[in-house]
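Letter by letter, the chains look like this.
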Amino acid sequence: MATYAIGDLQGCFGSLQQLLGEIGYRAAEDKLWFVGDLVNRGPQSLEILRFVRSLGKRAISVLGNHDVHLLMVAEGRVKPHRKDTFDEILTAPDRDELLLWMRSLPIMYVEDGFAMVHAGLLPSWSIAKAKALAAEAEQALRGPDWRDLLSQLYGNHPDHWDDMLSGYERYRVIINAMTRLRICTPDGRMEFSYKGPLSGIPPGYRPWFAVPGRKSAKTTIVCGHWSALGVVSQPNLLALDSGCLWGGQLSAVRLEDRRTYQVSCPKLAH
C-alpha cells in the first residue's frame, strides 16, 4: 500500500487519470491525498468531484480556495467570476449531495508525520494549534449556521492571527490562512495579492514556510496553491501545485519515499 499526495486539480480530470496511470495506482490498496482546489477553471470539475467522492475513505482532500468559492457561489453569497467553470456542478442532478460532501471535507489533515493544508500555516501556529483551529472552522462549516458563515467569509481582514479573535473574524483568518496564504511578514501578517515567484516577493514579506521560528517546522507540510513555485520537496515541505491548469504538470509524491511523478498538461486557462 502507498499514499500519493496530488497537486491542485482544478477540474483537470483527464490529467488526473493520466497521472494515476503513471503511478500505477491500485484502487484497492493505495490511498490518495488531494491538496485542495479540486474544482474550477478546468473543464471537468463535476467529474473530479464525483470521482474523488466515489473513493470514500481511500481518498482525503482538504478544502482549497476554489472549493470554498464554489460553496459561496452555490449559495448565492457571491457572484461567479467570469472564468469560473462549475456550471455543470450547479445544474447536476447530484448537486446537493456533492456540495454537502464538499462541506464535510477537512481544512487540515494530519497523519503519520505529515500535515496537509491547501495553502499554508501562520508562523505562530504549531501543528496541534492549527489542527484545533481548523476543527473550529470545520465545525462551523458543517453546523446549522453555515450559510451565515459563508455570507461573512470573504475579505482580507483581519490579516493576522490573534487568540482573542472571535466569531466570523476568527473563522475568516483561519480559513484565509489555510486556503489562501502564500506570503506573510515574520510576525504573521498576510498578503493575498502576490502570486509570483520567490524572486519577486515584496519587501518585508517571506514565503510562509520560510519564516524563521515557524512553529510547525518540525512536521512535513503537504500543500498546493502556489503554482509559480512548482514542486518543492524539502524535509519539512512538499509543495505540489505545478500549474497543470496553465499547461504545466500535474504532480504526485509518494509519501513513503518522496518519489515524484508528473504528467504534462494541456493549457486550459489564460
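Quick note: structure is the one above.
A few points on the structure. This structure is a prediction, so every number in the text was calculated from the model and none was measured.

1. Some points on the packing of helix α1 (residues 13–23) against helix α2 (residues 45–54)
In step 1: Direction vectors running N to C along α1 and α2 enclose 40 degrees, while the axes themselves pass 9 Å from each other. On the basis of the axis angle, α1 is oblique to α2. Of α2, the residues touching α1 (which contributes F13, L16, Q17 and L20) are E47, I48 and F51.
In step 2: Along the lines of polarity and charge, the residues of the contact of α1 with α2 split into 5 nonpolar, 1 polar and 1 charged.

2. A word on the environment of A59
In step 1: Summarising the element assignment, A59 is placed in strand β3 (residues 59–61).
In step 2: Classification of A59 as buried rests on a relative accessible area of 10%.
In step 3: Sequence spacing of A59 and N156 is 97 residues, and the spatial spacing of their C-alpha atoms is 31 Å.
In step 4: In this structure, A59 is in contact with L32, F34 and V52, ignoring residues within four places of it in sequence.

3. Here we look at the nonpolar core
In step 1: Formed by 89 residues in total, the largest nonpolar core has its most connected members in I6, L16, F34, L38 and M178.
In step 2: Every residue in contact with L38, bar those within four places of it in the chain, is listed here: L9, Q10, G11, I48, L49, V52, S61, D67, W101 and L105.
In step 3: The next biggest cluster of nonpolar side chains, apart from the first, holds 13 residues, and it includes A5, V62, M116 and V222.

4. Concerning unusual backbone geometry
In step 1: H157 connects to P158 through a cis peptide bond whose omega is 0 degrees.
In step 2: Looking at where P158 falls in the secondary structure, it is placed in the loop between α7 (146–153) and α8 (167–180).
In step 3: We note that R258 has phi near 65 degrees; this positive angle belongs to a residue other than glycine.
In step 4: Considering the arrangement of structural elements, one finds R258 in the loop between β12 (249–254) and β13 (259–264).
In step 5: Its relative accessible area of 27% is what places R258 among the partly exposed residues.

5. With respect to the layout of surface pockets
It is the rolling of a water-molecule-sized probe over the atoms that shows where space remains empty.
In step 1: Size it by volume and the largest pocket reaches roughly 700 Å³.
In step 2: Lining the largest pocket we find 30 residues, and of these N65, H66, R182, K195 and H225 sit closest to its centre.
In step 3: Put simply, the parts of the chain that give the lining of the largest pocket at least two residues each are α3 (65–74) and α8.
In step 4: For the lining of the largest pocket, a count of residues per class yields 10 nonpolar, 13 polar and 7 charged.

6. Description of the state of the cysteines
In step 1: Inspection of every chain in the model, using the stated rule, returns 1 disulfide.
In step 2: Here C244 engages in a disulfide with C265; their sulfurs sit 2.5 Å apart. Note on the C244 and C265 pair: the S-S dihedral is about -105 degrees, so by sign convention the disulfide is left-handed. Taken together, the residues C244 in the loop between β11 (237–239) and β12 and C265 in the segment after β13 connect sequence positions 21 residues apart.
In step 3: C244 gets classed as buried once you look at its relative accessible area, which sits at 2%.
In step 4: The class of C265 is buried, set by a relative accessible area of 8%.
In step 5: With no disulfide of its own, C12 has C244 as its nearest cysteine by sulfur position, at a separation of 3.9 Å.

7. Focus: empty space enclosed by the protein
In step 1: Under the defined criterion, the tally for this structure stands at 1 cavity of 30 Å³ or more.
In step 2: In this structure, the largest cavity occupies an estimated 60 Å³ of space.
In step 3: Looking at the largest cavity, it is lined by 13 residues, and the ones nearest its centre are C223, G224, W226, L229 and A239.
In step 4: Looking at the lining of the largest cavity, its residues break down into 9 nonpolar, 3 polar and 1 charged.

Cut-offs and rules
- Residues numbered from 1 in each chain as written.
- Predicted model: local features only at pLDDT ≥ 70, side-chain atom pairs only at ≥ 80, totals over all residues.
- Heavy atoms only, no water.
- Axes fitted to C-alpha atoms, helices over the stretch in contact; angles between N-to-C directions.
- Helix = DSSP H or I, 4+ residues; strand = E, 2+ residues; numbered from the N terminus.
- Parallel < 35°, antiparallel > 145°, perpendicular 65-115°, else oblique.
- Contact = heavy atoms within 4.5 Å.
- Nonpolar A, V, L, I, M, F, W, Y, C, P; charged D, E, K, R; others polar.
- Buried < 20%, exposed > 50% of the residue type's maximum accessible area, 1.4 Å probe, protein only.
- Core = buried A, V, L, I, M, F, W, Y, C linked by side-chain atoms within 4.5 Å.
- 1 Å grid on protein atoms, 1.4 Å probe; cavity = no way out; pocket = protein on both sides within 12 Å on 5 of 7 lines; lining within 4 Å.
- Points joined across faces, edges and corners; volume = space filled by probe spheres on them.
- Disulfide = S-S within 2.5 Å.

Read these as spatial facts, not as claims about activity.
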